[in-house]
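Coordinate analysis (summary)
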Amino acid sequence: MRLIPEPLNAQVFAPFGEVIEAGDAAPSFFINGGTTQRFHDLAAVTMMEEAEDSQGSRPVHAGISVFRGQARRFPMMITMLERHPKGSQAFMPLQGRPYFVVVAPPGENDEPDLSQLRLFYASGQQGVNYHQGTWHHPLLALEQTSDFLVVDRIGGGSNCDEYPFPDGQSYVIDTGK
Ligand SMILES: NC(=O)N[C@@H](O)C(=O)O
Ligand code: NI
């Protein structure tokens, strides 16, 4: 089955997370004597604490990392999704390059509802913050190797559930170029 890319905006992405974008619709105010416009609280970082029994591990914190994603080749077969049940995960492009986002809503089951699978085209000015538990495909950089600032939970316990699609069930994504 082929997934059709949809333009990304805060409304359509709301079931999956937030869009991080310094646009006209974003709440903002001026600080630093009017020299800086603060686009305020665009997304929430959520994290679950350590399990009681995790001895000696570093305290849970929101880590800031850089992901250097290699350009994917298209058309591409999507055969799995993952989720982070203990924390949110945010991606912000650092070089203004577009990327694809594949998501399915979070839920109580151990499997995503693939009937609600969505493909979004994110511009190079849009970041995404996946809600805790939102099913998503790992980073899908387009065109060229691209750097992304990533904010997610660093801490103990298992925080990455992977779901390989059942045999014979796969989805094709393409840039249409
Ligand atoms: N595994 C990892 O750190 N990256 C994924 O979570 C991803 O969403 O790219
Ligand atoms: Ni992830």
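What comes next is a walk through the structure. In this text, all values refer to a predicted model and were calculated from it rather than measured experimentally. (Residues numbered from 1 in each chain as written. Chains lettered and ligands numbered in written order. Predicted model: local features only at pLDDT ≥ 70, side-chain atom pairs only at ≥ 80, totals over all residues. Heavy atoms only, no water.)

Focus on the pattern of salt bridges
What the rule picks out here adds up to 5 salt bridges. We note a salt bridge from E6 to R118, for which the minimum N-O separation is 2.7 Å. Of this pair, E6 sits in strand 1 (residues 6-7) while R118 sits in strand 10 (residues 118-122), placing them 112 residues apart in sequence. A relative accessible area of 24% means that E6 is categorised as partly exposed. Assessed through its relative accessible area of 24%, R118 is described here as partly exposed. (Salt bridge = Lys/Arg side-chain N within 4 Å of Asp/Glu carboxyl O. Helix = DSSP H or I, 4+ residues; strand = E, 2+ residues; numbered from the N terminus. Buried < 20%, exposed > 50% of the residue type's maximum accessible area, 1.4 Å probe, protein only.)

Details of the coordination of the nickel ion (ligand 2)
Every protein donor of the nickel ion (ligand 2) is listed here as E82 (OE), H84 (NE2), Q89 (OE1) and H136 (NE2), and their distances to the metal cover 2.1 to 2.2 Å. Because the angles between the 6 donor atoms bound to the nickel ion (ligand 2) fall within 75 to 176°, the donor set is best described as octahedral. Each donor residue of the nickel ion (ligand 2) belongs to the same chain, and together they define the spacing E-x1-H-x4-Q-x46-H. A relative accessible area of 10% places E82 in the buried class. (Donors = N, O, S within 2.8 Å, 3.2 Å for Na, K, Ca; no water. Tetrahedral: all angles 85-135°; square planar, octahedral: opposite > 155°, others 65-115°.)

Digging into the nonpolar core
I78, L81, V102, L117 and I173 are the most contacted members of the largest nonpolar core, which totals 17 residues. Secondary-structure elements contributing two or more residues to this core are strand 6 (76-78), strand 9 (99-104) and strand 16 (171-173). Considering each element in turn, this core owes the most residues, 3 residues, to strand 9. With residues near it in sequence (within four places) discarded, I78 still touches V102, H137, L140, F165, S170, Y171 and I173. Membership of the second largest hydrophobic core comes to 16 residues, among which are F13, F16, F91 and V101. (Core = buried A, V, L, I, M, F, W, Y, C linked by side-chain atoms within 4.5 Å. Contact = heavy atoms within 4.5 Å.)

Comments concerning the site of ligand 1
If you check the shell around ligand 1, you find F67, E82, H84, Q89, F91, H136, P138 and L139 and nothing else. The separation between an oxygen atom of ligand 1 and a polar side-chain atom of H84 is 2.9 Å. Measuring from an oxygen atom of ligand 1, one finds a backbone N or O atom of L139 at 3.2 Å. Expressed as a share of its isolated accessible area of 260 Å², the protein-covered part of ligand 1 is 72%. Broken down by class, the residue content of the shell around ligand 1 amounts to 4 nonpolar, 3 polar and 1 charged. (Near = heavy atom within 4 Å. Polar contact = N/O pair within 3.5 Å; in protein donor to acceptor, adjacent residues only side chain to side chain. Areas by Shrake-Rupley, 256 points an atom, 1.4 Å probe, with all protein chains shown as cover. Nonpolar A, V, L, I, M, F, W, Y, C, P; charged D, E, K, R; others polar.)

Regarding the sheet that holds strand 14 (residues 146-154)
Within a sheet, each strand pairs with its neighbour through backbone hydrogen bonds, oriented either parallel or antiparallel. Pairing within the open sheet is antiparallel, and its 5 strands lie in the order 2-11-8-14-5. Taken across any chain shown, the strands that pair with only one partner, and hence form the sheet edges, are strand 2 (17-20) and strand 5 (61-69). Between one strand axis and the next, the sheet turns through 20° on average, direction left out of account. Relative to strand 11 (residues 127-130), strand 8 (residues 89-93) runs antiparallel, the two sharing 3 bridges. (Pairing = 2+ DSSP bridges. Axes fitted to C-alpha atoms, helices over the stretch in contact; angles between N-to-C directions.)

Description of the pairing of strand 11
Residues in a regular strand project their side chains so that they alternate between the two faces of the sheet. Burial along strand 11 is two-sided: G127 and N129 and V128 and Y130, pointing in opposite directions, are all buried. In the sheet, strand 2 pairs with strand 11 via 4 bridges, with the strands oriented antiparallel. Each bridged residue has a counterpart across the sheet, and for E18 the counterpart in strand 11 is N129.

Things to note about the environment of A71
By the element assignment, A71 lies in the loop between strand 5 and strand 6. Ignoring anything within four residues of it in the chain, the contact list for A71 reads A141, L142, E143, Q144 and T145.

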